[in-house]
Amino acid sequence: MESFWVVCVEDGCHCDWRVTIEGCLETKAMFAIYLMNVICSCLLLLLGGYLLYMRLAVKKEPLFDPQNKWRPRPIESMMVLGNLFNLLRIIDGLILITDTLPNPIIRSVLYEIPWQFGLAAFSCYLFGISHIVSKSVAIFRPQEVISSDRLVSISIATIFLPFITNNIFSVLAAVYAEQGDYRKAKIYTDTLYYLWSAYCLNLACWTVFSGYRLILILNKHIEHQSISNNNNLTLIRVSHDKFIYGSMRVPIMTHTIGTHIMALIWTFDGTISAMFIMTVLIHTPKAYTSYDEDQTNQTGQLRDYSRGRIFNQL
């Protein structure tokens, strides 16, 4: 039956695979895509849980900065939120492939929430590194320092605004779609994905800015930057995809090949990024070791006491 979530044209009916994959031409393909993503997410969750356990329980690393209880440490916070992202993606995928919880409002929100945790993971890592950069800049270029309070304000806004605005527009779009007011449902859906595009692009710009300053300070490529580079490419790609989907939702839905390509990109974008980060953490011990920014001394030495030596001399 045609609805806001299922659009029927001459060749058959097409699903909005964010909410349903039943009774449409994409059913078999989307079942396989979601099943594969659930399997990959399960493996990543197990691996991420093990790395987080080693980090917090075995190495006794704190989740928050001991000098500032409100500031999460970059690697640890990214791992916690990344694991939540994988867990929620598993739940969402299982709901769709088993066709449980048929309420489209709930399904719509469940699809969006994991990505908010994924964006928050990138944000926590980025602004943790930004704080390190800011403290280092204070030594070499004090006139360019961004105040700690300003960084905290930007961090809080970047992390929490998507949870507030995106869930509101997601619920409104689903409610109006269920009431049969497709015009308003489309407006709120488009707005939702324009917001996603803006948030991702904003974070990507901050990644470029922080990465550039970090390179200037350290004067060489370090392993932390490899994670930032991947995050930046992912954010730019997601920003582009969200904008395109917000502008051309129905044409994409009703084009079988186009919707398959978009589904593959969206479904595995976060999974591949998480896989890359896990690989970096496993094979690059220096990237797995957080900076101890509070040990930055007046000569510009950044000390890493978990390795027991100065790892970079400026």
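Residues numbered from 1 in each chain as written. Predicted model: local features only at pLDDT ≥ 70, side-chain atom pairs only at ≥ 80, totals over all residues. Heavy atoms only, no water.

Student: Which parts of the structure should I look at to understand the overall build of the protein?
Tutor: Helices and strands together make up the secondary structure of the protein, namely nine helices and six strands. Within the protein, the fraction of its 314 residues that count as buried is 51%. A total accessible area of about 14500 Å² is found for the protein, and carbon and sulfur atoms account for 68% of it. (Helix = DSSP H or I, 4+ residues; strand = E, 2+ residues; numbered from the N terminus. Buried < 20%, exposed > 50% of the residue type's maximum accessible area, 1.4 Å probe, protein only. Areas by Shrake-Rupley, 256 points an atom, 1.4 Å probe, with all protein chains shown as cover.)

Student: Please clarify how the packing of helix H2 (residues 74-98) against helix H8 (residues 256-283) should be interpreted in this entry.
Tutor: When two helices pack together, their arrangement is captured by the angle between the axes and the distance separating the axes. For the pair H2 and H8, interaxial distance at closest approach is 11 Å and the crossing angle is 145°. Crossing angle aside, the handedness with which H2 passes H8 is left-handed. Contacts between H2 and H8 involve Ile75, Met78, Met79, Asn83, Phe85, Asn86 and Arg89 on the former and, on the latter, Trp266, Thr267, Gly270, Thr271, Ala274, Ile277, Met278 and Leu281. Considering only residue class, the contact of H2 with H8 consists of nine nonpolar, five polar and one charged. (Axes fitted to C-alpha atoms, helices over the stretch in contact; angles between N-to-C directions. Left-handed = near helix turned anticlockwise from the far one by under 90°. Contact = heavy atoms within 4.5 Å. Nonpolar A, V, L, I, M, F, W, Y, C, P; charged D, E, K, R; others polar.)

Student: Is there a simple way to think about the state of the cysteines in this case?
Tutor: Taken as a whole and assessed by the stated rule, the structure comprises two disulfides. A sulfur-sulfur separation of 1.9 Å characterises the disulfide bridge that pairs Cys8 with Cys13. Across the S-S bond of Cys8 and Cys13 the torsion is about 90°, and the bridge reads as right-handed. A residue is classified by how much of its surface remains accessible, and Cys8, at 27% relative accessible area, is partly exposed. The disulfide bridge from Cys15 ends at Cys24, spanning 2.0 Å between sulfur atoms. Between Cys15 and Cys24 the sulfur-sulfur dihedral comes to about -115°; the bridge is accordingly left-handed. The exposure classification of Cys15 matches that of Cys24, with both residues buried. Disulfide connectivity for the protein, with bonded cysteines indexed by sequence position, reads 1-2, 3-4. (Disulfide = S-S within 2.5 Å.)

Student: Which parts of the structure should I look at to understand helix H1 (residues 27-58)?
Tutor: Counting along an α-helix, one turn takes 3.6 residues, and residues three or four places apart therefore face a common direction. A rise of 1.5 Å per residue sets the reference length of H1, with its 32 residues, at 46 Å; its end C-alpha atoms lie 45 Å apart and thus fit the reference within 8%. Lys60 lies just past H1 and shows a positive phi near 60°. (Expected span 1.5 Å × (residues − 1).)

Student: Any chance you could explain H2 here in plain terms?
Tutor: Along its 25 residues, H2 runs 36 Å from first to last C-alpha, staying within 8% of the 36 Å computed at 1.5 Å per residue. Counting buried residues in H2 gives 19 out of 25 residues, a clear majority hidden from the surface. Trailing H2 by a residue or two, Asp99 shows a phi angle of about 55°, which is positive.

Student: For this particular structure, what's the right way to read the side chain of Ser41?
Tutor: Note on placement: Ser41 falls in helix H1. With relative accessibility at 1%, the residue Ser41 sits in the buried group. Setting aside chain neighbours within four positions, we find Ser41 in contact with Asn86, Arg89, Ile90 and Thr271.

Student: Looking at this model, I keep getting lost on the environment of Asp92. Mind explaining?
Tutor: Summarising the element assignment, Asp92 is placed in helix H2. Taking the C-alpha atoms as reference, Asp92 lies 9.1 Å from Tyr34; in sequence the two are 58 residues apart.

Student: So what exactly am I meant to see when it comes to the pattern of salt bridges here?
Tutor: Any two side chains of opposite charge can pair, on the condition that their charged atoms come close. Under the counting rule described, the total for this entry stands at eight salt bridges. A salt bridge links Arg107 to Asp99; its shortest N-O distance comes to 2.8 Å. Take Arg107: its relative accessible area is 4%, and that puts it in the buried class. Given a relative accessible area of 39%, Asp99 falls into the partly exposed group. Between Asp190 and Lys186 there is a salt bridge, with the nearest N and O atoms lying 2.6 Å from each other. Highlighted residues: Asp190 and Lys186, both in helix H5 (residues 182-218), separated by four residues, approximately one helical turn. Judged by relative accessible area, Asp190 falls into the buried class, the value being 10%. Through salt bridges with shared partners, one network takes in Arg55, Glu61, Arg73 and Glu76. (Salt bridge = Lys/Arg side-chain N within 4 Å of Asp/Glu carboxyl O.)

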